[in-house]
Amino acid sequence: MLFRSLKVGDLVKVKVLKIDPETKKISLGLRQLTDNPWDAAAAKLVPGTTVSGTVSKLTDFGAFVSLEGGIEGLVHLSELSTKRVRRPQDAVKAGEAVEVVVLSIDNDLKRVALSIKAAKMAAEGQAEEVAAQVAEANEVAKYKPKPRPQGLRGGIGGGGPLFSLPG
């Protein structure tokens, strides 16, 4: 990332975020002057395309892959290989370069679903199966969980809209 290469004495352009006269502190932001990587990702990461990345982190449920532009996507455990995998470490290693197919992208939640299995299938000429897998992933992605209602409804003592005490 760009910010990690900074050192004391470097000349940088920043945005003033906050001035606190009481504590005599100024908050500055470097990131606010850079482009949002998700804006560029939406154009490049189209479901069904194959992209290159590097495995950045392994978890119990899959592997995160760093893609171009600082975006990370998740390869679910079920998408790591054409064979059954019990642990991500059995299929990939952190730091390994991989080819992945973009299954779905959600710009609102900043999530990318990826598949190594689909990339291997595509390389073997199974394009129809990959297309079906991508279509299924995007169909599932349409059904986002509904936000939970805030606050309580009903209860005792208030005679709310769901419950009331006899009276």
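The structure presented is a predicted model; accordingly, all values stated were derived computationally and were not measured.

Visitor: What is the right way to read the sheet that holds strand S7 (residues 111-115) from this model?
Guide: Strand pairing in a sheet relies on backbone hydrogen bonds. The paired strands run either parallel or antiparallel. Within the closed barrel, the five strands sit side by side as S3-S4-S5-S7-S6. Their pairing is mixed. Within this sheet the neighbouring strands show an average axis-to-axis angle of 50°, counted without direction. Taken together, the five bridges between strand S6 (residues 97-106) and S7 define a ladder with antiparallel strand orientation. Counted as the bridge partner of Asp106 is Arg111 from S7. Packing against the sheet, helix H1 (residues 37-44) makes contact with S6 and S7, and its axis sits at approximately 95° to S6. Against the sheet, helix H2 (residues 116-123) contacts strand S5 (72-76), S6 and S7, and its axis sits at roughly 115° relative to S6.

Visitor: I tried to follow the side chain of Ser115 on my own but got confused; where do I start?
Guide: Summarising the element assignment, Ser115 is placed in strand S7. For Ser115, a relative accessible area of 0% corresponds to the buried category. Here Lys117 takes part through its backbone nitrogen, which lies 3.3 Å from a polar atom of the side chain of Ser115. Among residues more than four places away in sequence, those in contact with Ser115 are Val75, Glu79, Glu99, Val100, Val101, Leu103 and Gln133.

How each quantity is defined
Residues numbered from 1 in each chain as written. Predicted model: local features only at pLDDT ≥ 70, side-chain atom pairs only at ≥ 80, totals over all residues. Heavy atoms only, no water. Pairing = 2+ DSSP bridges. Helix = DSSP H or I, 4+ residues; strand = E, 2+ residues; numbered from the N terminus. Axes fitted to C-alpha atoms, helices over the stretch in contact; angles between N-to-C directions. Contact = heavy atoms within 4.5 Å. Buried < 20%, exposed > 50% of the residue type's maximum accessible area, 1.4 Å probe, protein only. Polar contact = N/O pair within 3.5 Å; in protein donor to acceptor, adjacent residues only side chain to side chain.

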